[in-house]
Amino acid sequence: MAVRAVRGAVQPERDEAGHMDEQVGALLTAVLERNDLTADDLISIWFTATPDLHSDFPAAAARKLGFADVPLICAQELDIEGAMPRVVRVLAHIESDRPRADIAHVYLGAAAALRKDIAQ
């Protein structure tokens, strides 16, 4: 089984804890579904959030989905002028037999504009 990385992002419409949980939960669910993964396939997940998101930790959504034994960490995204606001990004390390080229990176909603080259 190889170690692979899956990228993704979502842009919550507002900075509210419940809304962030919903949006990040949808992103994580899509990452799992589009790559035929279960929580047991996850090695670790890095989350970043833009500086304008501060109502909750994105990792809290993962815990609510039941990722109790998956190492999670949150960090703040660089505050770059002109960058898309209210974005949560994910970098998940997984175990998978899929070739790297077959990994489905997931950019939901407006966040798809961030990586048109890899968004699926």
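Scroll up to find the structure this text is about.
Just so it is clear, the model here is predicted, and its values are computed rather than measured.

> Can you help me understand the overall build of the protein in this one?
Looking only at helices and strands, the protein has 2 helices and 5 strands in total. Its helices and strands taken in sequence order, the protein reads β-α-β-α-β-β-β from the N to the C terminus. For a compact globule of 120 residues, the expected C-alpha radius of gyration is about 14 Å, and the protein comes in at 14 Å, within 12% of that figure. Looking at the 120 residues of the protein, the share that counts as buried comes to 43%. Of the contacts made within the protein by residues no fewer than 6 positions apart, 82% connect residues no fewer than 24 positions apart.

> What should I look at first to understand unusual backbone geometry in this one?
Trans peptide bonds make up the majority, and among non-glycine residues the majority have a negative phi. A positive phi angle is found at Asp36, which is not glycine, with a value near 50 degrees. Structurally, the position occupied by Asp36 is in the loop between helix H1 (17–34) and strand E2 (42–49). With a phi angle near 50 degrees, Arg86 is a residue other than glycine that sits in the positive phi range. Arg86 sits in the partly exposed class, given a relative accessible area of 24%.

> Got a minute to help me understand the sheet that holds strand E3 (residues 72–76) in this structure?
Working definition: the strands of a sheet are paired by backbone hydrogen bonds and lie parallel or antiparallel to each other. Within the open sheet, the 5 strands sit side by side as E3-E2-E4-E1-E5. Their pairing is mixed. At either end of the open sheet lies a strand with only one pairing partner, and these are E3 and strand E5 (106–107). One ladder, built from 2 bridges, connects strand E1 (residues 2–10) with E5; its direction is parallel. Bridge pairing in E5 links Ala9 to Tyr107. Lying on the sheet, H1 is in contact with E1, E2, strand E4 (88–96) and E5; it crosses E1 at an angle near 140 degrees.

Calculation rules
- Residues numbered from 1 in each chain as written.
- Predicted model: local features only at pLDDT ≥ 70, side-chain atom pairs only at ≥ 80, totals over all residues.
- Heavy atoms only, no water.
- Helix = DSSP H or I, 4+ residues; strand = E, 2+ residues; numbered from the N terminus.
- Rg over C-alpha atoms; globule rule 2.2 N^0.38 Å.
- Buried < 20%, exposed > 50% of the residue type's maximum accessible area, 1.4 Å probe, protein only.
- Contact = heavy atoms within 4.5 Å.
- Pairing = 2+ DSSP bridges.
- Axes fitted to C-alpha atoms, helices over the stretch in contact; angles between N-to-C directions.

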